[in-house]
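Here is what each chain is made of, one letter per residue.
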Amino acid sequence: MIEIRWHGRGGQGAKTVAQLLAAAALRGGLWAQAFPEYGPERSGAPVRAFTRLDRREIRLHCGVYQPDIVVVLDPTLLDSKEVGVLEGLKRHGVLVVNSPKSSEELREQIKFSGRIVALDANRLAREAGTRFANVVLLGALAALLPEEISLSDVEEELQLTMRDKPKALEANLAALRAGFYALRRQQEPEVLVC
Amino acid sequence: MALKMLEREERTLLTGAEAAAHAMRQLRPAVVPVYPITPQTPIIETFAQFVADGLVDTEIINVESEHSAMSAAVGASCAGARVLTATSSQGLALMLEICYIASAMRCPIGMAVGSRALSGPINIHCDHSDSMMARDAGWIQIFCENAQEAYDLSVVGQRLAEDGRVLLPVMTIQDGFTITHSAEPVALLPDDAVAEFVGEYQALYPLLDTDHPTTQGPFALPDYYFEIKRQQVDAMANVGGVWSELQEEFAKLSGRYYRGVFEAYKLDDADYVYVILGATAGTAKVAIDRLRRQRKRVGLLKLWLFRPFPAREIAQALQGRKAVAILDRALSLGSWGPLYSEISAALNAISARPVLYNYIYGLGGRDIRPEQLMSIVNDLECEANADVQRFIGLRE
């Protein structure tokens, strides 16, 4: 099983990408679960969402405590003690961060010994014509995850979700691909095992 | 009866709330009186969207409170309509007065419940205190482990409620947030298959049948009140048999067989048994698999039906076990947990009575993990004192 924790702020779409990834995984033949964490709902407040992926039926209905992957949608959350983006992250886990900094600079900043994937998702989103970095990071995860998660399945789910907003859909598809190919270009992706 | 599961089902990623709303759409209710409350709101929100999109022809009545929602439900049901609604927590508390009237008037209203803690202190998260508060209201109560069950058992539950041998209202209960707001793969049946399975609702004495006028809901004094209550007792007694009948039929339709009134997971050779309602049963299956790898003979009894309480079947299943851990996600302050009391009473019928342990967990949405469930077996194995109520995951 792969467990993913998404950190964002209310309104940045952490819950949406957590669900989109699960839906794409389902298309690819995996079992999947996605759920947000609910507290007082305020725009801008730190929020968390979760995705579980497995080749077998997922029966767990508890929280995620030791994620394999943590995705940080908003770099201002990195230094927050209350949010604790590294909390429980497995030693050999992957930290994916939306940041203009390099992974070395981020390692220095947050002292994580595992793999750090840095991606300037804000810039990539802007270039694609949207202000939402969440979809860029979703694209990056599609590149990191096992073969069952394909770019085309994520694209199809995005199309389904945004079928009433053709203009925003174009920009989001471009943002998704930008995230996916940024990672494919960066390095030979290490395929995680379910 | 062995039924082959479908080889490859088409599944959609849905939250439990969306799954319940799809069941409502396919059940084609004539009237749905609603009042929003967290965490039930996405159920009626999704359903209202289906109505607005023209996918189902339903009169939605937006009322000013849950008391009015249930009152309108009773009125519409007496008029002859299939009526569905949904609620949680304080909403169910506010409805409760009319819930007793719905069952006494034999209105087969279907209600989705997103189970949530009762105030106070005020809290929006899951426990079963709302559903347990309503356990004596004369409704059938079905607890669901996941979104798939929330869908399937809403469909079966409605036909059960409307069966002539039953005619009782039904609550299909899913854990608030844990299931209502969690997206999982769900296999939906075709619309026409559900329509055919559940059929049209034909009320026995519809108020709108003006050619045959009836009086409904009149005063019943000491001369008749008791007999009317006795009829409800008989109706409840019929539920188990009708449930089994309908589940066999539903299995042929869906490939999913809810056999018996509870799910027995690795129960056959188990010395130690956990009894659980709702979503935590799924987490417990993971815990039990891990314990089995440590060669511990542990099994799970997950109840679908809590009302009527399947006492005889449970007594049979628990007879001769060494110990049973009964997990309650609600308190009955000043006594044991509600589920514990039921099981304790049920076991009076057998001689080889296991030792019973009562655990309270998850109040107000406190999470419960497989490791916590696994540690329970230590109490059972070392024959710890069973005369005290225990609390899981509580800071003391």
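In this numbering scheme, every chain counts its residues from 1 along its sequence in written order. The naming scheme follows written order: chains are lettered A onward, ligands numbered 1 onward. Thresholds applied to this predicted model are a pLDDT of at least 70 for local features of residues and 80 or more for the giving and counting of side-chain atom pairs; totals over whole chains, interfaces and linings are not thresholded and use all residues. Here the side-chain values reflect all heavy atoms present in the structure, with hydrogen atoms and water set aside.

Trainee: Help me get a handle on the interface of chain A and chain B, residues and values and all.
Mentor: Interfaces are often sized by the amount of accessible area the parts lose when they come together. Each partner contributes to the interface: chain A provides 18 residues, whereas chain B provides 27 residues. By convention, the term buried area covers the 1.4 Å-probe accessible surface removed from two parts as they join, with the contributions of both added. Summed over both sides, the interface between chain A and chain B buries roughly 1,800 Å², with carbon and sulfur atoms accounting for 59% of that surface. A pair is scored as a salt bridge if a Lys or Arg side-chain nitrogen falls within 4 Å of a carboxyl oxygen belonging to Asp or Glu. The interface formed by chain A and chain B holds 1 salt bridge in total. Between Arg59(A) and Asp289(B) there is a salt bridge, with its nearest N and O atoms 2.7 Å apart. Identification of polar contacts relies on pairs of N or O atoms within 3.5 Å, with a donor-acceptor requirement for protein atoms, meaning one able to donate a hydrogen and the other able to accept it, and with residues adjacent in sequence counted only if both atoms are side-chain atoms. Run the count over chain A and chain B and you get 9 residue pairs in polar contact (both at pLDDT 80 or more). For the side of chain A that touches chain B, the elements supplying multiple residues, two or more each, are helix H1 (14-27) and strand E2 (31-36) of chain A. Top element by residues in the side of chain A that touches chain B is E2(A). It accounts for 6 residues. Under this grouping Gly is polar, as are all residues other than the nonpolar Ala, Val, Leu, Ile, Met, Phe, Trp, Tyr, Cys and Pro and the charged Asp, Glu, Lys and Arg. Of the residues belonging to the side of chain A that touches chain B, the class tally is 12 nonpolar, 5 polar and 1 charged. When checking whether two residues touch, look at their non-hydrogen atoms; a contact exists if any pair is within 4.5 Å. Secondary structure elements follow DSSP: runs of H or I of four or more residues count as helices, runs of E of two or more count as strands, with numbering from the N terminus.

Trainee: How would you summarise the packing of aromatic side chains if you had to cite specific residues and measurements?
Mentor: Residues and elements named next belong to chain B. Between 30 and 60 degrees the pair is tilted, below 30 it is stacked and above 60 it is edge-to-face, where a pair is any two Phe, Tyr or Trp rings, Trp via its six-membered ring, whose centres lie within 6.5 Å. Enumeration over the complete set of coordinates arrives at 7 aromatic pairs over all chains. Ring plane angle 80° and centroid distance 5.6 Å describe the contact between Phe306 and Phe309, whose orientation is recorded as edge-to-face. Where Trp336 meets Tyr340, the ring centres are 4.5 Å apart and the plane angle is 25°; that geometry is what we call stacked. Remark: exposure states derive from per-residue accessible area (1.4 Å probe, protein chains only) relative to the maximum for the residue type, with buried under 20%, exposed over 50%, and partly exposed in between. A residue is classified by how much of its surface remains accessible, and Trp336, at 25% relative accessible area, is partly exposed. Counting as a charge over the ring demands two things of the Lys NZ or Arg CZ atom: a distance within 6 Å of the ring centre and an angle within 35 degrees of the ring normal. One residue, Lys285, lies across the ring of Tyr265, its end atom 5.7 Å from the ring centre.

Trainee: Which residues make up the environment of Ser80(A), and what values do they have?
Mentor: Residue and element names in this part refer to chain A. Relative to the helices and strands, Ser80 resides in the loop between strand E4 (69-72) and strand E5 (94-98). According to the relative accessible area criterion, Ser80 is buried, its value standing at 18%. Measuring from C-alpha to C-alpha, the distance between Ser80 and Arg5 comes to 16 Å, with 75 residues separating the pair along the chain. Within the structure, Ser80 has its side chain in polar contact with the backbone nitrogen of Glu82 (distance 3.4 Å).

Trainee: Can you tell me about the confidence of the model for chain B, naming the residues and giving the values?
Mentor: Scored from 0 to 100, pLDDT records how confident the predictor is in each individual residue. With 98% of its residues at a pLDDT of 70 or more, chain B has an overall mean of 96. Contacts from residues 1-8 of chain B, a stretch scored under 50 in pLDDT, to residues over four places away or in other chains number 13 contacts.

Trainee: Describe in detail a nonpolar patch on the surface, supporting the description with residues and values.
Mentor: Within the patch definition used here, like charges are joined within 9 Å and nonpolar side chains (Val, Leu, Ile, Met, Phe, Trp, Tyr) within 5 Å, considering only residues with over 30% relative accessible area and no salt bridge. The Shrake-Rupley method, run with a 1.4 Å probe sphere, supplies the accessible areas, and residue values consider only the shown protein chains as cover. Nonpolar side chains collect at one region of the surface, where Leu331(B), Leu333(B), Leu363(B), Phe391(B) and Leu394(B) lie side by side and expose about 480 Å² of accessible area between them. Relative to the helices and strands, Phe391(B) is located in strand E15 (residues 389-391).

Trainee: Run through the domain arrangement of chain B, naming residues and quoting values.
Mentor: Residue and element names in this part refer to chain B. Domain ranges listed in this record stem from an automatic or a database domain assignment. Entries for chain B in the domain assignment read domain 1 (12-198 + 221-254) and domain 2 (262-391). The distance between the C-alpha centroids of domain 1 and domain 2 comes to 26 Å. With 25 residues of domain 1 at the interface, the matching set in domain 2 holds 24 residues. Taking both partners together, domain 1 and domain 2 bury about 1,900 Å²; carbon and sulfur atoms supply 61% of that area. Considering only the side of domain 1, the residues that lose the most area to domain 2 are Arg135, Phe143 and Glu145, jointly responsible for 30% of the buried surface there. Glu145 is the salt-bridge partner of Lys302, the closest N and O atoms lying 2.7 Å from each other. The tally of links from domain 1 across to domain 2 stands at 14 residue pairs in polar contact (both at pLDDT 80 or more). Ranked by the residues each element gives to the side of domain 1 that touches domain 2, the list is headed by strand E6 (residues 140-143), at 4 residues.

Trainee: Provide a residue-level description of the sheet that holds E6(B), including the pertinent values.
Mentor: All names here are of chain B. What makes two strands pair is DSSP finding at least two bridges between them. In space, the 5 strands of this open sheet follow the order E4-E5-E7-E6-E12, with mixed pairing throughout. The sheet is open, and its two edges are formed by strand E4 (84-87) and strand E12 (305-307), each paired on a single side. In this sheet, adjacent strand axes meet at a mean angle of 25° when their direction is disregarded. Pairing analysis gives 2 bridges linking E6 to E12, with the strands arranged antiparallel. Looking at E12, one finds that Ile142 is bridged to Leu305. Between the N-to-C directions of two axes lies an angle of 0 to 180 degrees, each axis being a line fitted to C-alpha atoms and, for a helix, fitted only over the stretch in contact.

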